[in-house]
Amino acid sequence: MTDRTTLHAPWALLPGGWARDVAITVAPDGTIGAVAADAPCGSAVPLAGPVLPGMTNLHSHAFQYAMAGLAETRSPSGEDHFWSWRETMYRFLARLTPDDVEAIAAQLCVALLKGGFTAVVEFHYLQADIAGAPYADPAEMAWRILAAARQAGIARTILPSLYRHGGFGRPPGEGQRRFLLPAESVLDIIAALRREAASDPLLRVGAAPHSLRAVTVEELGAFAAAVRRADPAAPLHIHAAEQPREVEECRATTGQRPVERLLAHLPVDRRWCVVHATHMDAAETAALAATGAVAGLCPTTEGNLGDGVFPFLGWRAAGGAFGIGTDSHVGTDAAGELRMLEYAQRLRHLRRAVGASPEQPSSGTALWSAAASSGAQAAAQPTGAIAPGRRADLVVLDGAHPMLAGRDGAAIGDTLVFAPAPGLVRDVHVAGRRVIVAGHHADEEAIATRFAVTMRCLLA
Ligand code: ZN
């Protein structure tokens, strides 16, 4: 049996940094067997250029992709902020059918693959039907998200969401009716997805209590415990401290800030991902970092919504882990998210190379390596590094791209993140299979046509 493949790259981003002439052996199941630097190409399959570990997109609400560019108009009052955007989003999602969501998600998944993401974590809260009742199969929407990801070939982690309240101590509003399944139903959906995952090696399943706005700490504790009883390794994701108003309301009703409250009531560990965590004070920053939980940063969405700037320096100084997500999908490329993250910090601190470190002075390289590794952790995917035992989820750059001419090692990582180089991501492998080839996906025309038909109907 000799069906394992050896790939050869002129440069590869390995856990210790960039290495030259790297041979990567991939087993038939898509797992990396051996990695060797300074290896001759010999009979190996040459990759088209430098290779990096695939990036995990740790935060997605797939349906919101269809709204990108549709919520940028000033309102008559001029009071345009996160909360007014959310009202627009609620009106939009009120009409979406499962067919619509599948069409939108498939187009999104292709765009994400082309953007260097090899896995996506769906924070799945659009679960009930248009009237707010469960579908005949309560997992209907989850199956559609899964079908879209499978068609695109991207790895997937699905987190069915628990959402019970409209805000701290407030009943849910009309716009939230499609989120409101009881905890038992959400646990049933999670169980059904887990059974499916037994025969889908690219699927992982966790849970997403929506936020402390939408779930009390008592509900959250019972839900998280039930999820962990069934699967001790299940990832748990929650939105927290995205907006100052959320922090103020949490403090006014409970006496605690959101992250402070989460840490006081839940056994947060490295299988948690706290999404946004934008408005933490210094004590929350240090305490959350110490748990090993991943900060789920969504830089272009946070910029688009006017959320604020994450306390990145304090977080990194405390040893905090971070990954990136595209959340509402106003951006779909991994390098663009990292660039936005870095630039927000530069603007705030009047410094450069904020994401770099003494060990890895290349900003682009340091940001990509850290986000790929911790993103995989948050998604419970066996990826995030080009190393034996990890899955061969790989991003291959176009070695013939003019912007890479004469550039070696760290300069390649910085070019990817900071240089204007359209088309630099050339091939994308998921579990050793090329799903993007020379910038194209095999089903992209059919997927785009279906998406366009869906959009015309939705916007008619
Ligand atoms: Zn979100």
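Residues numbered from 1 in each chain as written. Predicted model: local features only at pLDDT ≥ 70, side-chain atom pairs only at ≥ 80, totals over all residues. Heavy atoms only, no water.

Q: What is the right way to look at the domain arrangement of the protein in this model?
A: By convention, interface size is frequently given as the accessible area that disappears when the constituent parts associate. Here the domain parsing of the protein yields domain 1 (5–53 + 393–444) and domain 2 (55–379). Taking only C-alpha atoms, the centre of domain 1 and the centre of domain 2 are 29 Å apart. Contacts between the two partners involve 27 residues from domain 1 and, on the opposite side, 26 residues from domain 2. Together, the buried faces of domain 1 and domain 2 total about 1,900 Å²; carbon and sulfur atoms form 65% of this surface. It is Val 417, Phe 418 and Val 430 that lose the most area in domain 1 upon contact with domain 2, and together they represent 29% of the buried surface on that side. Counting the contacts that link domain 1 with domain 2 gives one salt bridge. (Domains from an automatic or database assignment. Contact = heavy atoms within 4.5 Å. Buried area = accessible area lost by both parts, 1.4 Å probe. Salt bridge = Lys/Arg side-chain N within 4 Å of Asp/Glu carboxyl O.)

Q: I keep staring at helix H2 (residues 98–114) and nothing clicks. Help me out?
A: Helical geometry: 3.6 residues make up each α-helical turn, so side chains three or four residues apart lie on a common side. Taking 1.5 Å of rise per residue, the 17 residues of H2 would be expected to cover 24 Å, and the 24 Å separating its terminal C-alpha atoms lies within 8% of that figure. Buried residues dominate H2, accounting for 15 of its 17 residues. Phi turns positive, to about 95°, at Gly 116, one or two residues after H2. (Helix = DSSP H or I, 4+ residues; strand = E, 2+ residues; numbered from the N terminus. Expected span 1.5 Å × (residues − 1). Buried < 20%, exposed > 50% of the residue type's maximum accessible area, 1.4 Å probe, protein only.)

Q: Would you mind showing me how to read the pattern of salt bridges here?
A: If the charged atoms of two oppositely charged side chains come close together, the side chains can form a pair. Across all of its chains, the model carries 21 salt bridges by this definition. Close ionic contact of Arg 150 with Glu 196 constitutes a salt bridge, the shortest N to O distance being 2.8 Å. In this pair, Arg 150 sits in helix H3 (residues 140–152) while Glu 196 sits in helix H4 (residues 183–197), placing the two residues 46 residues apart along the sequence. Looking at Arg 150, the relative accessible area reads 35%, which means it is partly exposed. With a relative accessible area of 25%, Glu 196 lands in the partly exposed category. For Asp 393, the salt bridge identified is with Arg 391, shortest N-O distance 2.9 Å. The class of Asp 393 is buried, set by a relative accessible area of 3%. Salt bridges here are not isolated pairs; linked through shared partners, they connect Asp 99, Glu 102, Glu 140, Arg 144 and Arg 450.

Q: What exactly am I supposed to notice about the layout of surface pockets here?
A: Gaps left between atoms are located by rolling a probe of water-molecule size over the structure's atoms. Approximately 270 Å³ is the volume attributed to the largest pocket. Elements with a minimum of two residues in the lining of the largest pocket: helix H1 (82–93) and helix H9 (299–305). With four residues, the single largest contributor to the lining of the largest pocket is H1. Here the lining of the largest pocket is built from residues that sort into five nonpolar, six polar and four charged. (1 Å grid on protein atoms, 1.4 Å probe; cavity = no way out; pocket = protein on both sides within 12 Å on 5 of 7 lines; lining within 4 Å. Points joined across faces, edges and corners; volume = space filled by probe spheres on them. Nonpolar A, V, L, I, M, F, W, Y, C, P; charged D, E, K, R; others polar.)

Q: Help me understand the packing of aromatic side chains, please; the structure alone is not making it clear to me.
A: Given two aromatic rings, their pairing is described by the distance between the two centres and the angle made by the two planes. Considering all chains together, one arrives at eleven aromatic pairs under this definition. Aromatic side chains Phe 82 and Trp 83 sit 4.7 Å apart centroid to centroid with 85° between the ring planes, which places their arrangement in the edge-to-face category. The pair formed by Phe 82 and Trp 83 is uniform in burial state, with each residue classed as buried. Ring geometry for Phe 312 against Phe 322: centres 5.2 Å apart, planes inclined by 70°, an arrangement best described as edge-to-face. Of this pair, Phe 312 sits in helix H10 (residues 312–317) while Phe 322 is found in strand E14 (residues 321–324), placing the two residues ten residues apart along the sequence. Ring pairing ties together the aromatic residues Phe 63, Tyr 90, Tyr 125, Tyr 163 and Phe 179, which thus form one cluster. Between the NZ or CZ atom of Arg 245 and the centre of the ring of Trp 83, over which it lies, the distance is 4.0 Å. (Phe/Tyr/Trp six-rings, centres within 6.5 Å; stacked < 30°, edge-to-face > 60°. Lys NZ or Arg CZ within 6 Å of the ring centre and 35° of its normal.)

Q: Is there a simple way to explain the environment of His 279 in this structure?
A: With respect to the helices and strands, His 279 occurs in the loop between strand E12 (272–276) and helix H8 (282–290). Ignoring sequence-local partners within four residues, the contact set of His 279 consists of Ala 241, Glu 242, Gln 243, Pro 244, Val 247, Arg 257, Glu 284, Asp 307 and Gly 308.

Q: Would you take a moment to explain the coordination of the zinc ion for this structure?
A: When a metal holds four donors in a tetrahedron, each ideal angle between them is 109.5 degrees; when it holds six in an octahedron, the ideal angles are 90 or 180 degrees. Taken together, the protein ligands of the zinc ion are His 59 (NE2), His 61 (NE2) and His 239 (NE2), with distances of 2.0 to 2.2 Å. Counting gaps between the donor residues of the zinc ion yields the pattern H-x1-H-x177-H. With respect to class, His 59 is no different from His 61; both count as buried. (Donors = N, O, S within 2.8 Å, 3.2 Å for Na, K, Ca; no water.)

Q: Please explain helix H7 (residues 258–265) as it appears in this structure.
A: Within the span of H7, buried status applies to Pro 258, Val 259, Arg 261 and Leu 262. The buried residues of H7 occupy an angular sector of 160° when the element is viewed end-on, so they sit on one face. Against helix H5 (217–230), strand E11 (236–240), helix H6 (244–254), E12 and H8 lie the buried residues of H7. (Arc of directions from axis to C-beta.)

Q: How do you make sense of empty space enclosed by the protein when you look at a structure like this?
A: Summed over all chains, the structure comprises five cavities of 30 Å³ or more. Counted as a void, the largest cavity has a volume near 160 Å³. In terms of lining, the largest cavity is formed by 18 residues, of which the most central are Phe 82, Trp 85, Tyr 125, His 239 and Glu 242. Those elements giving two or more residues to the lining of the largest cavity turn out to be H1 and H9. Here the lining of the largest cavity gets five residues from one element, more than from any other, and that element is H1. Taken as a whole, the second largest cavity holds about 80 Å³ of empty space.

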